[in-house]
Amino acid sequence: MGGAHRAVTGLRVALLLLIGAPVGLGAGLTALAALGWQPGLGGDLSLAGFAQALALPGIGRSLWLTLLTGLGATLIALALSVPLSGWLIGRAGAARVLAPLLAVPHAALALGLAFLLAPSGWIARLLAMPLGWSVPPAWPLPGDPWGGALIVGLVLKEVPFLLLVTLAAAAPRDIAAEMAVGRSLGYAPGRVWARLIWPQLYPALRLPLFITLSFALSVVDMALILGPSHPPTLVVQILRLLMAPDLALRVPASALALVLLGLIAGVVALWIGAERGVASLGRHMVRAGRRGRAWPGCAAAGAALGAGLPLLALAGLALWSVAGRWTFPQLWPEGPSLARWGRVDWSVLGTTLGLGVVVTALALALAVAVLEAEDRARRPLRIGALIVLPLLLPQIGFLQGLTSGFLVLGLPPGPGAVIWAELLFVFPYVLLALAGPWRALDPAHLRAAAGLGAGPWRVLGRIKLPLLQRPLMAAAAIGFAVSAAQYLAVLLPGAGRVAVLATEAVTLSSGADRRLAAVYGLLLALLPLLGFAAALVVPDWQARDRRGAGDGA
Amino acid sequence: MALELRDVTIAAPGAAQPLFAPIGLRIAAGEVLGVGAPSGMGKSSLIAAIAGHLPPGFTLHGQIALEGCDLRALPAERRGVGVMFQQAHLFAHLSIGDNLALALPPGVRGRAARQAAVVQALERAGLAGMAARAPASLSGGQRARVALMRALLAAPRALLLDEPFAALDPGLRAEMRGFVMAHLQAAQIPALLVSHDASDLAACARSLALRPFDSV
């Protein structure tokens, strides 16, 4: 047991160095930069950076837009997730559709949505025929100054996440019996779900909601493609300052990053304050005993829209990627033309794939180490806060500091720094995906193996890992998808020298060649889906082999 | 006021034959009918069929009528059929008082009237003054009493009880059985109680057993 405890302590230290230290270093250096001191450049500590940042033109509007889009999208997504999760709860296989939907990287979805909403996009073309338009309408989409397109994009991305979290929270409960009790008291199913069952799940949804909120308030890639630009949301403003050639501008940029952090903390505090009020209002309504009525088809229509819009966006990307001439009111382009596919820099795909494989392998190894160490020490490792920190903090609040910190410590911007930065975001999801199935392993199997004299390493290699093949593949697919979706974690620690599909797609989104952007967007969307397909197919295929061998004997 | 079943059979999804032989019964208002059967024979499915919660894929044949009105045509929430399970299934985010208040029909108007009804129900359950307590702070027997009061407060036209005492200690079981029977009698509605326990069935005015389908 002493050895196991030493191993646990060692692992905790390793995780602290691997995950905690970079986040702490990055956040610390960002704070110092906000106060005027940068590694290698020095400087006197002062609040001038804040004054400079808050004097930027349009900064008030930027703050307001950030709040409007981030909080608005999260509230809308939450409001939609309640009836939709109630509709999905009785439907087996719903989670299997949700996970791939969730895996579509933000940049790809945003690009597809941008093309869909644009004045020359499908929606305008569909309206053109009945309304008799011959030229594209003059609507300011995407990138409308009110952040509407950004809100739509965020909602489409957040709803599947919230649904998955809600279904996971509901899984251990006897929902059918609670539904039966509620309906037998006269309540329509939707109302039983929303007023009597869902509130009991809410405590499990809080942390994911805060992560969603922080993400929505600090999203970069989606805001660059769908968000307003004059002025942009706060995080885009920060990125512009960071990418400027003048290194002195990093001071106001870092100051704004702290302002953003404060904004997120304020919104979360507001949210926690509002929880009591909403709960009390809910109890008040429950006491009044109104039974509600069924709205057949509404949730189904919402689900169809929620799944249909992303699919339409991706279909649009596919079409644009092979489009020839496509004059305005036409619904279909001439073509197909593979000209743009010939101009793809395939090394970008290779880099994305390579980074994904390396980061996923590292995250998977680390997750297995953590779970196995817990098994051997027979106690949890208590690393929850460490895991959640990189997800809860805005990326822009520590990734630039981390990049300059890495440089000082001898790790220059490049693939190595990118791998480490991506690991911060991939590891938590891989660990979460694997932890459930790992802890659900039948201890009888393991005791039986140990009884036969198998040592812990043998039990791990011969029993646990083979039994967990499917969850391991699923966790790998999730890790790979998270890696492929990273934008800022490539852009800043790569210092522009590492090009992946996400960064190229965002760059091309503002360019003139819509077809080339579509090619990169499509590749970006398909890559994680291939990972999920592999996770589904490979274990089945291997199981068929084993079954075949057994039948033949 | 009577609950009537005629030639009712239920088949599980994909099953070649029904779970039990066709059953017919009539329960008058104020009467408690016991239905016994070994576990796995479809007692809970019978309750689900009457209350309207049969999971998709199950096939139901026969007639189910309450006060002469066909229940099968109505969704669960409009059947006026209360259910009580082995577990109390109190809603954990609501206090005991609110768990009872939500059952009161919306026709009971005004905060004062609704609150008075809740206070009275708590007194009848021997839980006076516990309105603000959380369900988790109650004993199993107390929770079961709240579940019964909640089901009755909704003013159901019939009540179905699915192994309502199975989760209780043997000593508590007899006491709870007496409590339930007394309240069912007072409510003057037909009640159907399924159980695999002989003493539960003996406490009912009348009881019958589900027969396996093969015995037809």
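Residues numbered from 1 in each chain as written. Chains lettered and ligands numbered in written order. Predicted model: local features only at pLDDT ≥ 70, side-chain atom pairs only at ≥ 80, totals over all residues. Heavy atoms only, no water.

**Re a nonpolar patch on the surface**
Residues and elements named next belong to chain A. The condition that has to hold: A patch consists of residues whose relative accessible area exceeds 30% and which take part in no salt bridge; residues with like charges are grouped when within 9 Å of each other, and nonpolar side chains (Val, Leu, Ile, Met, Phe, Trp, Tyr) when within 5 Å. Computed with a 1.4 Å probe, the accessible areas rest on the Shrake-Rupley method; for each residue, only the protein chains presented here act as cover. The term salt bridge refers to a pairing of a side-chain nitrogen on Lys or Arg with a carboxyl oxygen on Asp or Glu at a separation within 4 Å. Here a strand is any run of E in DSSP of at least two residues, a helix any run of H or I of at least four, and the numbering for each starts at the N terminus. Each residue gets one of three labels from its accessible area relative to the maximum for its type: buried under 20%, exposed over 50%, partly exposed in between, using a 1.4 Å probe on protein chains only.
Residues Leu32, Trp37 and Leu45 make up a contiguous nonpolar surface patch of about 270 Å² in total accessible area. Within the secondary structure layout, Leu45 lies in the loop between helix H1 (2-34) and helix H2 (48-54). We classify Leu45 as exposed; its relative accessible area is 57%.

**Some details on the side chain of B:Arg114**
Applied cut-off: His is not counted, nor are the chain ends, whereas Lys and Arg count as positive and Asp and Glu as negative.
Turning to its location among the elements, B:Arg114 is positioned in helix H3 (residues 111-124). Comment: no salt bridge for buried B:Arg114; closest opposite-charge side chain is B:Asp98, at 9.0 Å.

**Here's the deal with helix H19 (residues 456-467) of chain A**
All names here are of chain A. Filter applied, for reference: The arc in question is traced by the directions running from the helix axis to the C-beta atoms. A contact between two residues is defined here by any heavy atoms of the two lying within 4.5 Å.
Buried residues of H19: Val459, Leu460 and Lys464, and no others. Looking straight down H19, one finds that the buried residues subtend no more than 95° of arc, so they occupy a single side. Buried residues along H19 sit in contact with helix H14 (346-377), helix H17 (415-439) and helix H18 (443-451).

**Remarks on the pairing of strand S8 (residues 191-195) of chain B**
Remember that side chains alternate between the two faces of the sheet whenever the strand is regular. Residues and elements named next belong to chain B. Stated formally: Strand pairing requires that DSSP identify at least two bridges connecting the strands.
The buried fraction of S8 is high, at five of five residues. Burial along S8 is two-sided: the face carrying Ala191, Leu193 and Ser195 and the face carrying Leu192 and Val194 are both buried. Of the strand pairs in this sheet, strand S3 (residues 32-36) and S8 are connected by five bridges, and their pairing is parallel. Paired with Gly34 across the strands is Leu193, a residue of S8. Two strands pair when backbone bridges link them, and strand S7 (residues 158-162) and S8 are joined in this way by four bridges, in the parallel orientation. Along S8, the bridge assignment pairs Leu160 with Leu192.

**A few points about the sheet that holds strand S4 (residues 59-66) of chain B**
Residue and element names in this part refer to chain B. What counts, and what does not: To get an axis, a line is fitted to the C-alpha atoms, and for a helix only the part in contact is used. The angle between two axes follows their N-to-C directions and goes from 0 to 180 degrees.
An order of S2-S1-S4-S5 is seen for the four strands of this open sheet, with the pairing classed as antiparallel. Every interior strand has two partners, whereas the edge strands, strand S2 (23-28) and strand S5 (69-70), have only one. Judged from the seven bridges that link them, strand S1 (residues 2-11) and S4 form a sheet pairing that is antiparallel. Note on S4: the bridge partner recorded for Leu3 is Leu66. Contacting S1, S2 and S4, helix H1 (residues 43-51) runs over the sheet at an angle of about 120° to S1.

**As for the domain arrangement of chain A**
All names here are of chain A. To keep it simple, the criterion reads: Residue ranges assigned to the domains are those given by an automatic or database domain assignment. Each of two parts loses accessible area, computed with a 1.4 Å probe, when they are put together; buried area is these two losses added. Only Asp, Glu, Lys and Arg are considered charged, only Ala, Val, Leu, Ile, Met, Phe, Trp, Tyr, Cys and Pro nonpolar, and every remaining residue, Gly among them, polar.
Assigned domains of chain A: these are domain 1 (53-230 + 264-320) and domain 2 (335-553). Placing the centre of domain 1 and that of domain 2 at their C-alpha centroids yields a distance of 25 Å. At the junction of the two partners, domain 1 supplies 25 residues and domain 2 supplies 26 residues. The junction of domain 1 with domain 2 conceals about 2300 Å² of combined surface from both sides, 80% of it contributed by carbon and sulfur atoms. Only helix H4 (94-103), helix H5 (106-117), helix H9 (189-218), helix H10 (221-226) and helix H13 (298-321) provide two or more residues apiece to the side of domain 1 that touches domain 2. The biggest single contributor to the side of domain 1 that touches domain 2 is H9, with five residues. The residue inventory of the side of domain 1 that touches domain 2, partitioned by class, reads 21 nonpolar, three polar and one charged.

**A word on the pattern of salt bridges**
Residues and elements named next belong to chain A. Counting across every chain of the model gives 20 salt bridges over all chains. Close ionic contact of Glu178 with Arg173 constitutes a salt bridge, the shortest N to O distance being 3.2 Å. Several salt bridges converge on common partners, so that one network encompasses Glu372, Asp375, Arg376 and Lys464.

**Description of the environment of A:Leu154**
Residues and elements named next belong to chain A. Examined against the element boundaries, Leu154 turns out to sit in helix H7 (residues 148-170). Taking relative accessible area as the criterion, Leu154 reaches 0% and is therefore assigned buried. Distance from Leu154 to Phe215, taken between C-alpha atoms, is 9.5 Å for residues 61 residues apart in sequence.

**A short note on the packing of helix H3 (residues 59-88) of chain A against helix H12 (residues 250-288) of chain A**
All names here are of chain A. Heads up, the condition is: The cut-offs work like this: below 35 degrees is roughly parallel, past 145 is roughly antiparallel, 65 to 115 is roughly perpendicular, and the gaps in between are oblique. Each crossing gets its hand from how the near helix is turned against the far one by less than a right angle, where anticlockwise is left-handed and clockwise is right-handed.
Interaxial distance between H3 and H12 falls to 12 Å at its minimum, and their mutual angle equals 40°. Viewed along their axes, H3 and H12 adopt a mutual orientation that is oblique. Classified by chirality, the crossing of H12 by H3 is right-handed. Across the interface between the two elements, Ile59, Leu63, Thr66, Leu67, Leu71, Thr74, Leu75 and Leu78 from H3 touch Leu256, Val259, Leu260, Leu263, Val267 and Trp271 from H12.

**Examining the packing of aromatic side chains**
To describe a pair of aromatic rings, you give the distance between the ring centres and the angle between the ring planes. Residue and element names in this part refer to chain A. For the record, the criterion: Any two rings among Phe, Tyr and Trp, with Trp reduced to its six-membered ring, count as a pair given centres within 6.5 Å; such a pair is stacked if its planes are under 30 degrees apart, edge-to-face if over 60, and tilted if neither.
The tally for this structure, following the rule as stated, stands at eight aromatic pairs over all chains. Geometrically, the ring pair formed by Trp341 and Trp346 is stacked, given 6.5 Å between the ring centres and 25° between the ring planes. Under the relative-accessibility criterion, Trp346 is labelled partly exposed at 44%. Among the aromatic residues, ring-to-ring pairing joins Phe115, Trp320 and Trp326 into one connected group.

**Some points on the confidence of the model for chain A**
Caution is warranted with low-pLDDT regions, since their predicted coordinates should not be read in detail. Put simply, the test is: Per-residue confidence from the predictor is given as pLDDT, running between 0 and 100.
Across chain A, the average pLDDT comes to 91, with 97% of residues at or above 70. Contacts for the low-pLDDT stretch residues 548-553 of chain A, under 50 throughout, to residues beyond four places or in other chains number zero contacts.

**Side note on the environment of B:Leu3**
All names here are of chain B. By the element assignment, Leu3 lies in strand S1. Assessed through its relative accessible area of 1%, Leu3 is described here as buried. C-alpha separation for the pair Leu3 and Pro190, spaced 187 residues apart in sequence, amounts to 6.2 Å. In this view, Leu3 contacts Leu25, Arg26, Ile27, Ile50, Ala65, Leu66, Leu71, Leu160 and Pro190; residues no more than four positions away in its chain are not counted.

**Some words on the interface of chain A and chain B**
At the interface, 25 residues of chain A touch 26 residues of chain B. Interface area for chain A against chain B, summed over the two sides, is near 2100 Å², with a carbon-plus-sulfur share of 61%. Inspection of the region where chain A meets chain B yields two salt bridges. Across the salt bridge formed by B:Asp98 and A:Arg287, the nearest N and O atoms sit 2.7 Å from each other. Of the residues forming the side of chain A that touches chain B, the biggest block, seven residues, is contributed by helix H8 (residues 175-184) of chain A. Taken together, the residues that form the side of chain A that touches chain B break down as eleven nonpolar, six polar and eight charged.

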